[in-house]
Each structure stands twice: as C-alpha cells, then as structure tokens.
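# Coordinate analysis (summary)
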Amino acid sequence: MSLDDVVICSPLRTPVGRFGGVFAGLTAASLAATVLRELAARNGLGEGDVDDVVLGQCYPNGEAPAIGRIAALDAGLGTGVPGLQVDRRCGSGLQAVLYACMQVATGAATTVVAGGVESMSQVEHYALGLRTGVRGDGTMLHDRLARARETAGGIHHPVPGGMLETAENVRREHDVDRLSQDAWALRSQQRAGAAMAGGRFADEVVGVEAPATRKAPARTVIEDEHPRPGTTMEDLAALRPVMGRADPTATVTAGNASGQNDGAAMCLVTTREEADRRGWDPFLSLRGWAVAGVAPETMGIGPVPAVAAALARTGLPLADMDLIELNEAFASQVLACLAAWELSEADRERVNVNGSGISLGHPVGATGARILATMAHELRRREGRYALETMCIGGGQGLAAVFERVS
C-alpha cells in the first residue's frame, strides 16, 4: 500500500452559518453528525464499514470530547467505530484529511471519515482557578474564541491583538494598502455570489435542519448564510478599521477579513480498490503536502514556505495548478502571499474562484475540509488535473497540500 493507492470520495459540507445565525442553536456535534449521516446514506455505510472518524475542531469542550467518536455514535455508525479530534487551528480540517490519507496509505485503515467541524456561535466562556477556591473580588470569565487567538504564540510570542494584529503586521511588512484589500474582499463576495447563483455548491452541500427561533420558524438550510454578494466598494470603504484607535494606519475591517462561523465538512478516505468494490465516487488523490512554521506575529504568511515545501516534494510547479485555494483569513495576508508567489493578474484567476473565507466564512476547524469539498467539485467541473489547497494558521504555521483529480 502507498499514497498512490489512496483516494478521497464524496466530499460534502453543510452550508456555512453566520456567527449567531441560523446554526447558533446547533452544537458542533449536531453539525458533524448531520454531515456524517448524509455521507453514510449516500455511500451505504453501516456498522463495521468505517475504521476511524478523524475530525478537526479548534474549540472542543466537555460536551463532545473526541468529537469524531461522538459524531460516529450520534450518526448511528455503531459502537465499534472509534474517533478523535485534531487541532492545528485553521488547518485542522485539512490536517484531518491528510492524517486519514496516511492511515490508509500505511495499512492502518481501509476506510476513514475525515473532515472538520466548528460551532463558533457556541464556544463557551471559561474561568481558571475555581478548583482551588476564589477569594477577593471573584474571578474573570475568558472568551475562549478571543483568548486562543492571543495565546496561540505561547509565552515568548504573545499577540495581544489576536489575529487582527497579525493581519496588520503582514500588511505593514508587505506594504499592502487598504484599497487593494477592499478590492480583494469585493472580488471574494462577487465570486461567491456568482457561484451561489449558478448552483455550483449544490452537489457539495448537505441540508441542515435549523431549529425555530423567535425570529424564524424551523427550516432546512441549504445555502451559505455569510456571503453578501451585493457588497460594493463604497460599502467596504465606509467600514472602520477594527484596530483604528490603537493604530492610525490600521486597514483591516470586518469587510476585508474572514467571518466567525458555524459549519462542518467531511469526506471518505479509502483505497482505490475499496472504492471500486463499493461503487464509491473518488474525486481526488493526494500527491503531497507540507507544514511550515513562521513567526506567530505574522502567521498570515505561513502558506508561502508551506507551498514551497509541498511543491518541492511533488516536483510540480505552481504553474501546473489548475486551482489554488488560499483560506482568505484576511485580504492583507492573501495579497502578501500572492505577491510572494509573483502571480500575475492572469494567474490570480485560478485563486479562490468561488470565494473563500471573506465571503463564505471561516468555521475554523471545518474550513480546511470545506475548501477541499468546494475545490474537489470545481476541479471535476473544469476537468482540471491539479489543485493546491493552502492555509495560514494562528500561532504561526502554514499548511499546503497538492491534489490530483481522479479521472
């Protein structure tokens, strides 16, 4: 067995919900189980058919520990299916798929469900020190979302402004102006809007039953909630930089940065022989991948060394990539990476052709698998050969993987 024998089948995802939006009442485990049930139904999976469930998640909690196992149980795959949770921050969903490929390639498994999930709307606040008692004025509740962004660099690389600070650092180091950032954000919104209007997400999206709220009845959600395709440059220009008070030169706004979102995405990773035997539909094979470290203070540039390493390992040039997916955490880091790769305007037409984090949203643990699903379906639609997925990662990492369409 080798990596050449491994294929990725049936990449699926939920729609992406806004922070506090249509999926706010659903737990991460519920979102994960929804996709897994549909994956099982489409591929005839029953008890004994899955060797492991590997899911990325950046904000796990005690309600669903080792969420891959919880999803397997809740989706009805039986008690014999193990599962786990992977955290490489924004790269978690992609890393889960890469680990699954290695499991199958080494013979440790035949069929693995892999992907990611996140409910950023339900990430909790927490307190430290309560076990030993609290004296004085009480204790402080930390927002786990904000706190993890500040502490991702450890004690030697604190980032008090969180990921926004890293985006401004990249903007400053690579001389990325506000107008260019807003223009990229507009492009992202327009690309996502065109994809939605053209029905290009229909085959990859699994409908999710959203519970009733005071403002809306229970309903099945089949479209991404985050995109704002009617956005204009004037709308974007009117937004104030989030760090404007602390830094008069700040440029990062809510409009040229990714969202906080909810969603899940998964696929089947198996051997070509098993896919043929079971009648499963293989989309991709993994040609190679790499992870790299960069300064936590400029984490957005992480894709540059990761892509260089991944391409070197595959022996393929960037020019051979029919599609390039960059997770679009911030427009400033996207533009800095594109400049480092020296991509011309024509070459940039291959990048994020259906939008990405700024428009579609960024449910961090799920994003890598969400991108994979969108990329796989688009590569098949175009009858392309190679696709590159790469992500910047909080704490100062980059992740990149090269995939080939299975024909």
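Residues numbered from 1 in each chain as written. Predicted model: local features only at pLDDT ≥ 70, side-chain atom pairs only at ≥ 80, totals over all residues. Heavy atoms only, no water.

Under an unreviewed UniProt entry, the name given to the chain is Probable acetyl-CoA acetyltransferase, and the source organism is Klenkia terrae. Of the comments in the UniProt record for the chain, the one headed Sequence similarities (unreviewed entry) reads "Belongs to the thiolase-like superfamily. Thiolase family." (UniProt positions renumbered as here; feature names shortened; annotations may be inferred.)

Scanning the chain for helices and strands turns up 12 helices and 14 strands. The principal-axis extents of the C-alpha atoms in the chain amount to approximately 60 × 60 × 45 Å. In the chain, which comprises 407 residues, the proportion classed as buried is 57%. Counting only contacts in the chain whose residues sit at least 6 apart along the sequence, the fraction spanning at least 24 positions is 78%. Counting every atom, the chain has about 16,400 Å² of accessible surface; 50% of that belongs to carbon and sulfur. The distance from the centre of the 37 positive side-chain charges to the centre of the 48 negative ones in the chain is 3 Å. (Helix = DSSP H or I, 4+ residues; strand = E, 2+ residues; numbered from the N terminus. Buried < 20%, exposed > 50% of the residue type's maximum accessible area, 1.4 Å probe, protein only. Contact = heavy atoms within 4.5 Å. Areas by Shrake-Rupley, 256 points an atom, 1.4 Å probe, with all protein chains shown as cover. Lys, Arg positive; Asp, Glu negative; His and termini not counted. Charge placed at Lys NZ, Arg CZ, Asp CG, Glu CD.)

What follows deals with the UniProt feature "domain: Thiolase C-terminal" (unreviewed entry) in the chain. Residues given the UniProt feature "domain: Thiolase C-terminal" (unreviewed entry) here are residues 285-405. Between the C-alpha atoms that bound residues 285-405 there is a distance of 6 Å. The span itself is 37% helix and 25% strand.

A positive phi angle is found at Arg-89, which is not glycine, with a value near 50°. Residue placement: Arg-89 occurs in the loop between β4 (83-86) and α3 (92-105). The exposure class of Arg-89 is buried, given its relative accessible area of 17%. One non-glycine residue, Glu-342, lies in positive phi territory at about 55°. Among the secondary structure elements, Glu-342 is positioned in the loop between α10 (331-340) and α11 (357-360). For Glu-342, a relative accessible area of 69% puts it in the exposed group.

So, about the layout of surface pockets. In this structure, the largest pocket occupies an estimated 470 Å³ of space. What lines the largest pocket is a set of 25 residues, among which Arg-149, Met-163, Leu-164, Gln-260 and Phe-330 lie closest to the centre. Put simply, the parts of the chain that give the lining of the largest pocket at least two residues each are α4 (144-151) and α5 (162-173). Residue contributions to the lining of the largest pocket peak at four residues, all from α4. The volume enclosed by the second largest pocket comes to roughly 390 Å³. Lining the second largest pocket are 18 residues, and of these Gln-189, His-226, Arg-228, Ala-254 and Gly-255 lie nearest its centre. (1 Å grid on protein atoms, 1.4 Å probe; cavity = no way out; pocket = protein on both sides within 12 Å on 5 of 7 lines; lining within 4 Å. Points joined across faces, edges and corners; volume = space filled by probe spheres on them.)

Right, let's get into the pairing of β4. By the bridge criterion, four bridges tie strand β3 (residues 52-56) to β4 in an arrangement that is parallel. When the sheet's bridge partners are listed, Leu-55 is paired in β4 with Gln-85. Read as a crossover between parallel neighbours, the route from β3 over helix α2 (residues 67-74) to β4 is right-handed. (Pairing = 2+ DSSP bridges. Right-handed = clockwise from strand over helix to strand, strands pointing away.)

This brings us to the nonpolar core. Nonpolar side chains in soluble globular proteins tend to be buried together. One finds Leu-36, Val-53, Val-113 and Met-266 to be the most contacted residues of the largest nonpolar core, which totals 37 residues. At the level of elements, β1 (6-13), α1 (28-43), β3, α2, β5 (111-119), β8 (208-210) and β10 (261-271) are the ones that each hand at least two residues to this core. No other element matches α1, which puts eight residues into this core. Ranked by size, the runner-up nonpolar core spans 34 residues in total, among them Val-54, Val-97, Ala-105 and Met-375. (Core = buried A, V, L, I, M, F, W, Y, C linked by side-chain atoms within 4.5 Å.)

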